[in-house]
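Chains, contacts and geometry: an overview
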Amino acid sequence: MAGTIKRDYSLVGESTRRAIETGLASAEWYHTDVPRRTMKELMQRSDSPAIRDTAIWLGAILVSAAGGVYFWGTWWCVPFFFAYGVLYASASDSRWHECGHGTAFRTRWMNDVVYQIASFMLMRNPVTWRWSHARHHTDTIIVGRDAEIAVMRPPDLLRTALAFTGILDFRYSLPALARQAFGKLTPDEKSYVPEMEQHKAVIAARWHVAIYIATIALAVFMQSWIPLVLVGGPRLYGTWHMVLTGLLQHIGLADNVVDHRLNSRTVYMNPISRFIYWNMNYHVEHHMFPMVPYHALPRLHELIKHDLPEPNPSMWHAYREVWPVLLRQLKYEDYFLKRALPPTARPYRGEFHEVNMSAAAE
Amino acid sequence: MADWVEACAVDDVDEEDVIRFDHGGRSFAIYRSPDDEFFATDGFCTHEKAHLADGLVMDDIIECPKHNGRFNYKTGQAKGAPVCVNLQTYPVKVEAGKVMIQIA
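If you're wondering where the values come from, they're calculated on a predicted model, not measured in any experiment.

All right, on to the overall build of chain B then. Each helix and strand counted, chain B has zero helices and 10 strands in total. In chain B, the succession of helices and strands from N to C terminus is β-β-β-β-β-β-β-β-β-β. In terms of C-alpha radius of gyration, chain B reaches 13 Å, essentially the compact-globule figure of 13 Å for 104 residues. The principal-axis extents of the C-alpha atoms in chain B amount to approximately 40 × 30 × 20 Å. Of all 104 residues assigned to chain B, the portion counted as buried reaches 37%. Intrachain contacts of chain B at a sequence separation of at least 6 include 39% that bridge at least 24 residues.

Okay, here's the thing in C-alpha coordinates:
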(Lines give C-alpha, C1' and ligand atoms only; values in the text may rest on other atoms or scores of the structure.)
Protein backbone atom coordinates (compact mmCIF):
# COMPACT_ATOMS: atom_id res chain seq x y z
CA MET A 1 0.00 0.00 0.00
CA ALA A 2 1.19 3.50 -0.81
CA GLY A 3 2.53 5.56 2.07
CA THR A 4 4.17 2.78 4.04
CA ILE A 5 7.49 4.05 2.68
CA LYS A 6 8.79 7.42 3.85
CA ARG A 7 9.19 10.03 1.12
CA ASP A 8 12.76 10.91 0.22
CA TYR A 9 12.79 14.31 -1.48
CA SER A 10 16.43 14.26 -2.56
CA LEU A 11 16.83 13.85 -6.31
CA VAL A 12 19.35 11.05 -6.08
CA GLY A 13 17.80 8.86 -3.39
CA GLU A 14 15.39 6.00 -2.84
CA SER A 15 12.31 7.84 -4.13
CA THR A 16 14.22 8.74 -7.28
CA ARG A 17 15.09 5.13 -7.91
CA ARG A 18 11.51 4.07 -7.30
CA ALA A 19 10.09 6.77 -9.60
CA ILE A 20 12.34 5.64 -12.42
CA GLU A 21 11.64 1.98 -11.77
CA THR A 22 7.85 2.35 -11.74
CA GLY A 23 7.69 4.58 -14.80
CA LEU A 24 6.54 7.67 -12.89
CA ALA A 25 9.65 9.54 -14.06
CA SER A 26 9.40 11.10 -17.52
CA ALA A 27 5.93 9.60 -17.95
CA GLU A 28 3.26 10.47 -20.50
CA TRP A 29 0.90 12.95 -18.86
CA TYR A 30 -2.79 13.51 -19.42
CA HIS A 31 -3.87 16.23 -21.85
CA THR A 32 -7.39 17.39 -22.51
CA ASP A 33 -8.24 17.12 -26.19
CA VAL A 34 -7.99 20.47 -27.93
CA PRO A 35 -8.22 20.69 -31.74
CA ARG A 36 -4.84 21.48 -33.30
CA ARG A 37 -6.02 24.69 -34.97
CA THR A 38 -7.45 26.00 -31.71
CA MET A 39 -4.30 25.11 -29.82
CA LYS A 40 -2.15 26.71 -32.49
CA GLU A 41 -4.14 29.89 -32.09
CA LEU A 42 -3.78 29.79 -28.30
CA MET A 43 -0.03 29.21 -28.53
CA GLN A 44 0.56 32.23 -30.78
CA ARG A 45 3.16 34.62 -29.44
CA SER A 46 2.97 38.36 -29.42
CA ASP A 47 5.35 40.96 -28.04
CA SER A 48 2.77 43.63 -27.34
CA PRO A 49 1.00 42.30 -24.18
CA ALA A 50 4.30 41.57 -22.45
CA ILE A 51 5.88 44.87 -23.56
CA ARG A 52 2.88 46.72 -22.12
CA ASP A 53 2.94 44.71 -18.88
CA THR A 54 6.72 44.96 -18.52
CA ALA A 55 6.63 48.72 -19.05
CA ILE A 56 3.97 49.01 -16.33
CA TRP A 57 5.95 46.71 -14.05
CA LEU A 58 9.31 48.46 -14.46
CA GLY A 59 7.65 51.89 -14.40
CA ALA A 60 5.91 51.04 -11.14
CA ILE A 61 9.20 49.76 -9.71
CA LEU A 62 10.94 53.03 -10.56
CA VAL A 63 8.14 55.19 -9.19
CA SER A 64 7.85 53.24 -5.94
CA ALA A 65 11.64 53.18 -5.50
CA ALA A 66 11.83 56.93 -6.11
CA GLY A 67 9.01 57.53 -3.61
CA GLY A 68 10.64 55.30 -1.01
CA VAL A 69 13.98 57.06 -1.33
CA TYR A 70 12.38 60.51 -1.39
CA PHE A 71 10.46 59.86 1.82
CA TRP A 72 13.30 57.90 3.46
CA GLY A 73 13.36 58.50 7.18
CA THR A 74 9.62 59.17 7.41
CA TRP A 75 6.65 56.80 7.68
CA TRP A 76 5.62 57.88 4.19
CA CYS A 77 8.30 55.68 2.72
CA VAL A 78 6.52 52.55 4.02
CA PRO A 79 3.73 52.32 1.41
CA PHE A 80 6.25 52.99 -1.36
CA PHE A 81 8.55 50.22 -0.17
CA PHE A 82 5.54 47.96 0.37
CA ALA A 83 4.71 48.33 -3.32
CA TYR A 84 8.35 48.23 -4.38
CA GLY A 85 8.98 45.02 -2.45
CA VAL A 86 6.06 43.19 -4.04
CA LEU A 87 6.96 44.39 -7.52
CA TYR A 88 10.63 43.49 -7.03
CA ALA A 89 10.39 40.18 -5.20
CA SER A 90 6.95 38.78 -6.09
CA ALA A 91 6.08 40.04 -9.58
CA SER A 92 9.58 39.03 -10.67
CA ASP A 93 8.72 35.38 -9.98
CA SER A 94 6.02 35.25 -12.62
CA ARG A 95 8.23 37.19 -15.07
CA TRP A 96 11.06 34.76 -14.38
CA HIS A 97 8.67 31.89 -14.95
CA GLU A 98 6.98 33.06 -18.13
CA CYS A 99 10.18 34.34 -19.75
CA GLY A 100 11.95 31.12 -18.77
CA HIS A 101 9.34 29.26 -20.78
CA GLY A 102 9.93 31.75 -23.59
CA THR A 103 6.22 32.44 -23.93
CA ALA A 104 5.89 36.00 -22.59
CA PHE A 105 7.34 37.70 -25.68
CA ARG A 106 7.52 36.49 -29.22
CA THR A 107 11.04 37.90 -29.53
CA ARG A 108 13.56 35.60 -27.91
CA TRP A 109 16.00 38.24 -26.64
CA MET A 110 13.20 40.06 -24.82
CA ASN A 111 12.37 36.87 -22.95
CA ASP A 112 16.06 36.39 -22.17
CA VAL A 113 16.63 39.93 -20.88
CA VAL A 114 13.60 39.90 -18.57
CA TYR A 115 14.48 36.37 -17.46
CA GLN A 116 17.98 37.47 -16.41
CA ILE A 117 16.69 40.57 -14.58
CA ALA A 118 13.98 38.63 -12.78
CA SER A 119 16.40 35.83 -11.85
CA PHE A 120 18.67 38.39 -10.22
CA MET A 121 15.80 39.97 -8.31
CA LEU A 122 14.83 36.54 -6.99
CA MET A 123 18.40 35.52 -6.11
CA ARG A 124 17.99 32.56 -8.41
CA ASN A 125 20.75 31.19 -10.52
CA PRO A 126 19.28 31.61 -14.02
CA VAL A 127 20.92 28.42 -15.26
CA THR A 128 20.18 25.95 -12.47
CA TRP A 129 16.65 27.25 -12.09
CA ARG A 130 15.93 26.96 -15.80
CA TRP A 131 16.81 23.30 -15.60
CA SER A 132 15.05 22.68 -12.30
CA HIS A 133 11.91 24.13 -13.82
CA ALA A 134 12.20 21.90 -16.87
CA ARG A 135 12.35 18.98 -14.44
CA HIS A 136 9.32 20.36 -12.58
CA HIS A 137 7.37 20.17 -15.83
CA THR A 138 8.62 16.70 -16.71
CA ASP A 139 7.94 15.24 -13.28
CA THR A 140 5.48 17.54 -11.56
CA ILE A 141 5.28 16.65 -7.84
CA ILE A 142 6.91 13.28 -8.43
CA VAL A 143 8.82 12.69 -5.20
CA GLY A 144 12.52 12.19 -5.82
CA ARG A 145 12.34 13.82 -9.23
CA ASP A 146 10.72 17.24 -8.95
CA ALA A 147 13.21 19.86 -7.73
CA GLU A 148 10.53 22.45 -6.99
CA ILE A 149 8.20 20.86 -4.46
CA ALA A 150 7.42 23.81 -2.18
CA VAL A 151 5.80 21.96 0.71
CA MET A 152 7.01 18.45 1.35
CA ARG A 153 5.27 15.84 3.48
CA PRO A 154 4.85 15.83 6.35
CA PRO A 155 4.51 19.60 6.02
CA ASP A 156 6.79 21.86 8.05
CA LEU A 157 4.22 24.51 8.95
CA LEU A 158 6.71 26.82 10.68
CA ARG A 159 8.93 26.79 7.64
CA THR A 160 5.95 27.40 5.38
CA ALA A 161 4.83 30.35 7.50
CA LEU A 162 8.35 31.80 7.51
CA ALA A 163 8.41 31.55 3.73
CA PHE A 164 6.05 34.53 3.63
CA THR A 165 8.81 36.65 5.13
CA GLY A 166 11.46 35.48 2.70
CA ILE A 167 13.86 34.76 5.56
CA LEU A 168 14.40 31.10 4.74
CA ASP A 169 14.65 31.67 1.02
CA PHE A 170 17.14 34.45 1.63
CA ARG A 171 19.15 32.21 3.89
CA TYR A 172 19.18 29.50 1.25
CA SER A 173 19.52 31.56 -1.93
CA LEU A 174 22.52 33.73 -1.06
CA PRO A 175 24.72 30.89 0.26
CA ALA A 176 23.68 28.82 -2.77
CA LEU A 177 24.82 31.57 -5.13
CA ALA A 178 28.08 31.95 -3.19
CA ARG A 179 28.68 28.19 -3.32
CA GLN A 180 27.95 28.07 -7.03
CA ALA A 181 30.24 31.07 -7.60
CA PHE A 182 33.05 28.93 -6.16
CA GLY A 183 32.23 26.28 -8.74
CA LYS A 184 30.39 23.86 -6.47
CA LEU A 185 27.09 22.32 -7.54
CA THR A 186 25.24 19.91 -5.28
CA PRO A 187 24.48 16.33 -6.39
CA ASP A 188 20.81 17.37 -6.78
CA GLU A 189 21.78 20.27 -9.06
CA LYS A 190 24.05 18.01 -11.06
CA SER A 191 21.16 15.59 -11.48
CA TYR A 192 19.14 18.09 -13.52
CA VAL A 193 21.72 20.47 -15.03
CA PRO A 194 23.50 18.75 -17.94
CA GLU A 195 27.28 18.68 -17.62
CA MET A 196 27.74 20.91 -20.66
CA GLU A 197 25.65 23.64 -18.97
CA GLN A 198 27.17 23.50 -15.48
CA HIS A 199 29.94 26.02 -16.15
CA LYS A 200 27.28 28.56 -17.19
CA ALA A 201 25.69 28.19 -13.76
CA VAL A 202 29.02 29.07 -12.13
CA ILE A 203 29.50 32.15 -14.33
CA ALA A 204 25.94 33.36 -13.66
CA ALA A 205 26.42 32.94 -9.90
CA ARG A 206 29.64 34.99 -10.05
CA TRP A 207 27.80 37.85 -11.76
CA HIS A 208 25.07 37.83 -9.14
CA VAL A 209 27.52 37.71 -6.25
CA ALA A 210 29.59 40.53 -7.80
CA ILE A 211 26.51 42.77 -7.99
CA TYR A 212 25.63 42.04 -4.36
CA ILE A 213 29.20 42.80 -3.26
CA ALA A 214 29.04 46.08 -5.20
CA THR A 215 25.71 46.91 -3.53
CA ILE A 216 27.16 46.26 -0.07
CA ALA A 217 30.22 48.37 -0.93
CA LEU A 218 27.94 51.19 -2.09
CA ALA A 219 25.95 50.99 1.15
CA VAL A 220 29.15 51.20 3.18
CA PHE A 221 30.44 54.05 1.06
CA MET A 222 27.15 55.97 1.35
CA GLN A 223 26.80 55.03 5.02
CA SER A 224 23.18 54.22 4.15
CA TRP A 225 20.84 51.24 4.15
CA ILE A 226 19.12 52.46 0.99
CA PRO A 227 21.15 50.40 -1.52
CA LEU A 228 20.39 47.22 0.43
CA VAL A 229 16.72 48.07 0.84
CA LEU A 230 16.53 48.52 -2.92
CA VAL A 231 18.73 45.61 -4.05
CA GLY A 232 18.45 42.22 -2.37
CA GLY A 233 16.47 43.49 0.62
CA PRO A 234 13.09 43.21 -1.10
CA ARG A 235 13.62 39.45 -1.11
CA LEU A 236 12.88 39.72 2.62
CA TYR A 237 9.98 42.15 2.70
CA GLY A 238 8.34 41.70 -0.70
CA THR A 239 8.19 37.93 -1.16
CA TRP A 240 4.89 37.41 0.61
CA HIS A 241 2.68 37.77 -2.47
CA MET A 242 4.74 35.28 -4.44
CA VAL A 243 4.35 32.76 -1.61
CA LEU A 244 0.67 33.57 -1.09
CA THR A 245 -0.15 32.78 -4.71
CA GLY A 246 2.57 30.27 -5.51
CA LEU A 247 1.93 27.93 -2.58
CA LEU A 248 -1.52 27.21 -3.92
CA GLN A 249 -0.18 25.73 -7.13
CA HIS A 250 0.20 22.23 -5.69
CA ILE A 251 -0.04 22.30 -1.88
CA GLY A 252 -2.08 19.55 -0.25
CA LEU A 253 -2.85 17.80 -3.54
CA ALA A 254 -1.79 14.36 -4.76
CA ASP A 255 1.84 13.51 -5.39
CA ASN A 256 3.19 10.76 -7.65
CA VAL A 257 0.39 11.00 -10.20
CA VAL A 258 0.68 11.76 -13.92
CA ASP A 259 -2.37 13.94 -14.32
CA HIS A 260 -2.06 17.66 -13.66
CA ARG A 261 -5.76 17.83 -12.84
CA LEU A 262 -4.99 15.90 -9.66
CA ASN A 263 -1.79 17.59 -8.49
CA SER A 264 -2.27 21.21 -9.58
CA ARG A 265 -4.81 23.83 -8.67
CA THR A 266 -6.57 26.60 -10.58
CA VAL A 267 -7.73 29.46 -8.38
CA TYR A 268 -9.71 32.51 -9.41
CA MET A 269 -7.94 35.67 -8.21
CA ASN A 270 -8.40 39.40 -8.14
CA PRO A 271 -7.02 41.43 -11.07
CA ILE A 272 -4.11 42.92 -9.10
CA SER A 273 -2.86 39.51 -8.01
CA ARG A 274 -3.33 38.23 -11.53
CA PHE A 275 -1.19 41.07 -12.87
CA ILE A 276 1.53 40.36 -10.30
CA TYR A 277 1.21 36.64 -10.92
CA TRP A 278 0.75 36.86 -14.70
CA ASN A 279 -2.24 34.52 -14.72
CA MET A 280 -0.36 31.59 -13.18
CA ASN A 281 -3.48 31.07 -11.09
CA TYR A 282 -4.59 29.00 -14.12
CA HIS A 283 -2.08 26.44 -13.03
CA VAL A 284 -3.63 23.21 -14.25
CA GLU A 285 -3.95 24.79 -17.68
CA HIS A 286 -0.35 26.01 -17.60
CA HIS A 287 1.04 22.60 -16.71
CA MET A 288 -1.07 20.80 -19.25
CA PHE A 289 -0.14 23.21 -22.04
CA PRO A 290 3.05 25.14 -21.12
CA MET A 291 3.24 26.55 -24.66
CA VAL A 292 0.25 28.81 -24.07
CA PRO A 293 1.32 32.35 -23.08
CA TYR A 294 0.03 33.89 -19.87
CA HIS A 295 -2.33 36.25 -21.67
CA ALA A 296 -4.10 33.32 -23.40
CA LEU A 297 -4.58 31.22 -20.26
CA PRO A 298 -8.05 32.62 -19.43
CA ARG A 299 -9.20 31.60 -22.93
CA LEU A 300 -7.65 28.15 -22.52
CA HIS A 301 -9.38 27.81 -19.16
CA GLU A 302 -12.78 28.53 -20.71
CA LEU A 303 -12.08 25.97 -23.41
CA ILE A 304 -11.08 23.02 -21.22
CA LYS A 305 -12.71 23.66 -17.86
CA HIS A 306 -15.34 21.00 -18.60
CA ASP A 307 -12.56 18.44 -18.22
CA LEU A 308 -10.94 19.93 -15.10
CA PRO A 309 -11.79 19.96 -11.40
CA GLU A 310 -13.86 22.91 -10.22
CA PRO A 311 -11.47 25.87 -9.66
CA ASN A 312 -11.26 27.42 -6.21
CA PRO A 313 -13.29 30.63 -6.32
CA SER A 314 -10.73 32.58 -4.27
CA MET A 315 -7.38 32.28 -2.51
CA TRP A 316 -9.22 32.38 0.82
CA HIS A 317 -11.35 29.43 -0.26
CA ALA A 318 -8.30 27.50 -1.40
CA TYR A 319 -6.41 28.06 1.87
CA ARG A 320 -9.45 27.15 3.93
CA GLU A 321 -9.72 23.95 1.94
CA VAL A 322 -6.07 23.02 2.29
CA TRP A 323 -5.49 23.91 5.95
CA PRO A 324 -7.18 20.83 7.46
CA VAL A 325 -5.36 18.65 4.94
CA LEU A 326 -2.00 20.02 6.09
CA LEU A 327 -2.93 19.43 9.73
CA ARG A 328 -3.88 15.84 8.95
CA GLN A 329 -0.65 15.34 7.00
CA LEU A 330 1.33 16.16 10.15
CA LYS A 331 0.27 12.78 11.55
CA TYR A 332 -0.42 10.91 8.34
CA GLU A 333 1.68 12.12 5.47
CA ASP A 334 -0.08 10.08 2.81
CA TYR A 335 -3.27 12.06 3.29
CA PHE A 336 -4.09 14.54 0.52
CA LEU A 337 -6.88 16.43 -1.13
CA LYS A 338 -8.45 14.51 -3.97
CA ARG A 339 -9.58 16.75 -6.78
CA ALA A 340 -12.98 15.67 -8.04
CA LEU A 341 -13.11 15.46 -11.81
CA PRO A 342 -16.34 16.39 -13.54
CA PRO A 343 -18.50 13.46 -14.68
CA THR A 344 -17.62 14.26 -18.29
CA ALA A 345 -13.86 14.14 -17.63
CA ARG A 346 -11.73 11.35 -18.99
CA PRO A 347 -9.90 9.29 -16.33
CA TYR A 348 -6.21 8.55 -16.90
CA ARG A 349 -3.57 5.98 -15.98
CA GLY A 350 -5.45 4.11 -13.29
CA GLU A 351 -2.40 1.96 -12.55
CA PHE A 352 -0.69 4.97 -10.92
CA HIS A 353 -3.70 6.67 -9.46
CA GLU A 354 -5.91 4.02 -7.89
CA VAL A 355 -3.29 2.99 -5.36
CA ASN A 356 -2.56 6.59 -4.40
CA MET A 357 -6.19 7.53 -4.07
CA SER A 358 -6.63 5.17 -1.11
CA ALA A 359 -5.31 7.91 1.17
CA ALA A 360 -7.32 10.71 -0.33
CA ALA A 361 -9.67 13.16 1.32
CA GLU A 362 -12.84 13.10 -0.72
CA MET B 1 20.75 4.04 -50.99
CA ALA B 2 18.32 6.33 -49.18
CA ASP B 3 14.66 6.05 -50.16
CA TRP B 4 12.22 8.81 -50.99
CA VAL B 5 9.03 8.22 -49.05
CA GLU B 6 5.69 9.93 -49.49
CA ALA B 7 4.97 11.67 -46.19
CA CYS B 8 1.74 13.56 -46.86
CA ALA B 9 -0.13 15.71 -49.34
CA VAL B 10 0.86 19.35 -49.59
CA ASP B 11 -2.53 20.42 -48.26
CA ASP B 12 -2.20 18.26 -45.16
CA VAL B 13 0.11 20.84 -43.59
CA ASP B 14 -1.08 24.37 -42.93
CA GLU B 15 1.24 27.24 -43.64
CA GLU B 16 3.63 27.85 -40.70
CA ASP B 17 2.68 24.55 -39.13
CA VAL B 18 3.89 21.01 -38.59
CA ILE B 19 2.41 17.51 -38.71
CA ARG B 20 3.54 14.11 -37.56
CA PHE B 21 4.57 11.36 -39.96
CA ASP B 22 5.38 7.82 -38.79
CA HIS B 23 7.22 5.39 -41.02
CA GLY B 24 9.16 2.19 -40.47
CA GLY B 25 8.97 2.42 -36.70
CA ARG B 26 10.31 5.97 -36.73
CA SER B 27 8.58 9.28 -36.27
CA PHE B 28 9.18 12.48 -38.22
CA ALA B 29 7.93 16.05 -38.21
CA ILE B 30 6.98 17.66 -41.54
CA TYR B 31 7.00 21.46 -41.61
CA ARG B 32 5.55 24.01 -43.97
CA SER B 33 7.33 27.35 -43.60
CA PRO B 34 5.64 30.78 -43.89
CA ASP B 35 7.16 31.10 -47.38
CA ASP B 36 5.57 27.80 -48.42
CA GLU B 37 8.63 25.55 -48.34
CA PHE B 38 8.61 22.08 -46.79
CA PHE B 39 11.13 20.63 -44.33
CA ALA B 40 11.48 17.44 -42.30
CA THR B 41 13.19 16.53 -39.04
CA ASP B 42 13.12 13.74 -36.52
CA GLY B 43 9.78 13.80 -34.76
CA PHE B 44 10.91 13.80 -31.16
CA CYS B 45 12.67 16.56 -29.27
CA THR B 46 16.30 15.73 -28.44
CA HIS B 47 15.77 16.84 -24.83
CA GLU B 48 12.94 14.57 -23.73
CA LYS B 49 10.47 12.41 -25.57
CA ALA B 50 7.90 14.93 -26.72
CA HIS B 51 6.63 15.03 -30.28
CA LEU B 52 7.44 18.25 -32.08
CA ALA B 53 4.25 17.99 -34.13
CA ASP B 54 2.41 19.23 -31.03
CA GLY B 55 4.67 22.27 -30.89
CA LEU B 56 4.56 25.74 -32.38
CA VAL B 57 6.14 26.84 -35.65
CA MET B 58 7.28 30.47 -35.68
CA ASP B 59 9.16 31.60 -38.78
CA ASP B 60 11.99 29.03 -39.03
CA ILE B 61 11.71 27.85 -35.42
CA ILE B 62 9.90 24.84 -33.99
CA GLU B 63 9.22 25.06 -30.27
CA CYS B 64 8.81 21.83 -28.35
CA PRO B 65 5.46 21.53 -26.54
CA LYS B 66 6.92 20.11 -23.35
CA HIS B 67 9.70 22.47 -22.24
CA ASN B 68 9.63 25.12 -24.96
CA GLY B 69 13.02 24.08 -26.32
CA ARG B 70 13.62 25.66 -29.72
CA PHE B 71 15.18 24.33 -32.90
CA ASN B 72 15.69 25.78 -36.35
CA TYR B 73 13.74 23.17 -38.30
CA LYS B 74 15.53 24.09 -41.54
CA THR B 75 18.98 23.26 -40.16
CA GLY B 76 18.13 21.22 -37.05
CA GLN B 77 20.18 23.59 -34.89
CA ALA B 78 19.29 23.60 -31.18
CA LYS B 79 18.78 27.21 -30.10
CA GLY B 80 19.66 26.90 -26.41
CA ALA B 81 18.56 25.38 -23.09
CA PRO B 82 16.77 23.16 -22.44
CA VAL B 83 17.75 21.72 -25.81
CA CYS B 84 21.46 21.12 -26.32
CA VAL B 85 21.53 18.47 -29.08
CA ASN B 86 20.67 19.31 -32.69
CA LEU B 87 17.77 17.69 -34.54
CA GLN B 88 18.35 15.36 -37.47
CA THR B 89 16.96 16.89 -40.69
CA TYR B 90 15.98 15.12 -43.89
CA PRO B 91 15.88 16.21 -47.54
CA VAL B 92 12.39 17.04 -48.80
CA LYS B 93 10.89 17.47 -52.27
CA VAL B 94 7.38 18.10 -53.53
CA GLU B 95 6.11 16.06 -56.46
CA ALA B 96 2.60 16.12 -57.86
CA GLY B 97 1.16 17.62 -54.71
CA LYS B 98 2.91 15.11 -52.45
CA VAL B 99 5.59 15.85 -49.89
CA MET B 100 8.42 13.33 -50.15
CA ILE B 101 11.21 12.90 -47.61
CA GLN B 102 14.46 11.04 -48.06
CA ILE B 103 15.06 8.67 -45.19
CA ALA B 104 18.50 7.21 -44.73
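Once you've had a look at it, read on.
Moving on, we come to helix H5 (residues 91–101) of chain A. All names here are of chain A. H5 sits mainly inside the fold: 11 of its 11 residues count as buried. Among the structural elements, helix H3 (48–70), helix H4 (77–89), helix H6 (108–121), helix H7 (126–138), helix H14 (240–246) and helix H16 (271–277) are those in contact with the buried residues of H5. Once H5 ends, the next one or two residues include Gly102, with phi positive near 80°.

Bringing the environment of A:Val193 into the picture now. All names here are of chain A. Tracing the backbone shows Val193 in the loop between helix H10 (187–192) and helix H11 (195–222). Taking the C-alpha atoms as reference, Val193 lies 14 Å from Ala205; in sequence the two are 12 residues apart. With residues near it in sequence (within four places) discarded, Val193 still touches Val127, Thr128, Trp131, Leu185, Gln198 and Ala201.

Residues and elements named next belong to chain A. An ideal rise of 1.5 Å per residue puts 24 Å on 17 residues; helix H19 (residues 315–331) measures up with 25 Å between its terminal C-alpha atoms. The largest bend in H19 comes to about 25°, at Val322, with the proline Pro324 one to four residues further on. Where H19 is concerned, the buried positions are Ala318, Val322 and Gln329. For H19, the elements touching its buried residues are strand E1 (336–337).

Further remarks concern the interface of chain B and chain A. The interface of chain B with chain A comprises 13 residues on the first partner and 17 residues on the second. Of the residues assigned to the side of chain B that touches chain A, the class counts are six nonpolar, three polar and four charged.

Another point: the UniProt feature "domain: Rieske" (unreviewed entry) in chain B. UniProt feature "domain: Rieske" (unreviewed entry): in the numbering of this structure it lies at residues 5–101 of chain B. Annotated as residues 5–101 of chain B, this span is 0% helix and 44% strand, and its ends, taken at the C-alpha atoms, are 5 Å apart.

Take the sheet that holds strand E9 (residues 92–95) of chain B next. Residues and elements named next belong to chain B. Across the sheet, which stays open at both edges, the three strands sit in the order E1-E10-E9 with antiparallel pairing between neighbours. Among the strands making up the open sheet, the edge pair consists of strand E1 (3–9) and E9. Recorded for the sheet is a direction-independent mean angle of 35° between the axes of neighbouring strands. In this sheet, strand E10 (residues 98–103) lies alongside E1 in antiparallel orientation, the contact comprising six bridges. Bridged to Val5 within E10 is Ile101.

Time to look at the packing of helix H9 (residues 167–181) of chain A against H11(A). Residues and elements named next belong to chain A. Look at H9 against H11: their axes get within 7 Å of each other, and the N-to-C directions meet at 125°. Overall, the two elements H9 and H11 adopt an arrangement that is oblique. In this structure, H9 crosses over H11, and the sense of that crossing is left-handed. Residues Leu177, Ala178, Gln180 and Ala181 of H9 form the contact with H11, whose participating residues are Ala201, Val202, Ala205, Arg206, His208 and Val209. For the contact of H9 with H11, the residue count by class is seven nonpolar, two polar and one charged.

Take unusual backbone geometry next. Look at the link from A:Arg153 to A:Pro154: it is a cis peptide, with omega at -5°. Residue position: A:Pro154 is located in the loop between H7 and helix H8 (157–163). In this structure, B:Pro82 follows B:Ala81 across a cis peptide bond, with omega equal to 5°. Notably, A:Ser26 is not glycine yet its phi reads approximately 50°, a positive angle. Here A:Ser26 is to be found in the loop between helix H1 (14–22) and helix H2 (36–43). Despite not being glycine, A:Trp278 shows a phi value in the positive range, around 50°. Here A:Trp278 is to be found in the loop between H16 and helix H17 (283–288). The class of A:Trp278 is buried, set by 23 C-beta atoms lying within 10 Å.

All names here are of chain B. Counting buried positions over the seven residues of strand E3 (residues 26–32) gives five, a clear majority of the element. Joining the antiparallel neighbours strand E2 (residues 17–23) and E3 is a turn of two residues, in which Gly24 adopts a positive phi near 60°. Pairing geometry for E3 and strand E4 (residues 38–42), over five bridges, is antiparallel. By the bridge assignment, Phe28 is partnered in E4 with Asp42. Linking E3 to E4, which pair antiparallel, is a turn of five residues; within it Asp36 sits at a positive phi near 65°.

Next up on the list: the environment of A:Asp334. Residues and elements named next belong to chain A. By the secondary structure assignment, Asp334 is in the loop between H19 and E1. When the 19 C-beta atoms within 10 Å are taken as the criterion, Asp334 is described as partly exposed. Distance from Asp334 to Pro154, taken between C-alpha atoms, is 8.4 Å for residues 180 residues apart in sequence.

The rules behind each value
- Residues numbered from 1 in each chain as written.
- Chains lettered and ligands numbered in written order.
- Predicted model: local features only at pLDDT ≥ 70, side-chain atom pairs only at ≥ 80, totals over all residues.
- Helix = DSSP H or I, 4+ residues; strand = E, 2+ residues; numbered from the N terminus.
- Rg over C-alpha atoms; globule rule 2.2 N^0.38 Å.
- Buried ≥ 20, exposed ≤ 12 C-beta atoms within 10 Å, placed from the backbone.
- Contact = placed C-beta atoms within 7 Å.
- Expected span 1.5 Å × (residues − 1).
- Bend = angle between axes of the 7 residues up to and from the residue.
- Nonpolar A, V, L, I, M, F, W, Y, C, P; charged D, E, K, R; others polar.
- UniProt positions renumbered as here; feature names shortened; annotations may be inferred.
- Pairing = 2+ DSSP bridges.
- Axes fitted to C-alpha atoms, helices over the stretch in contact; angles between N-to-C directions.
- Parallel < 35°, antiparallel > 145°, perpendicular 65-115°, else oblique.
- Left-handed = near helix turned anticlockwise from the far one by under 90°.

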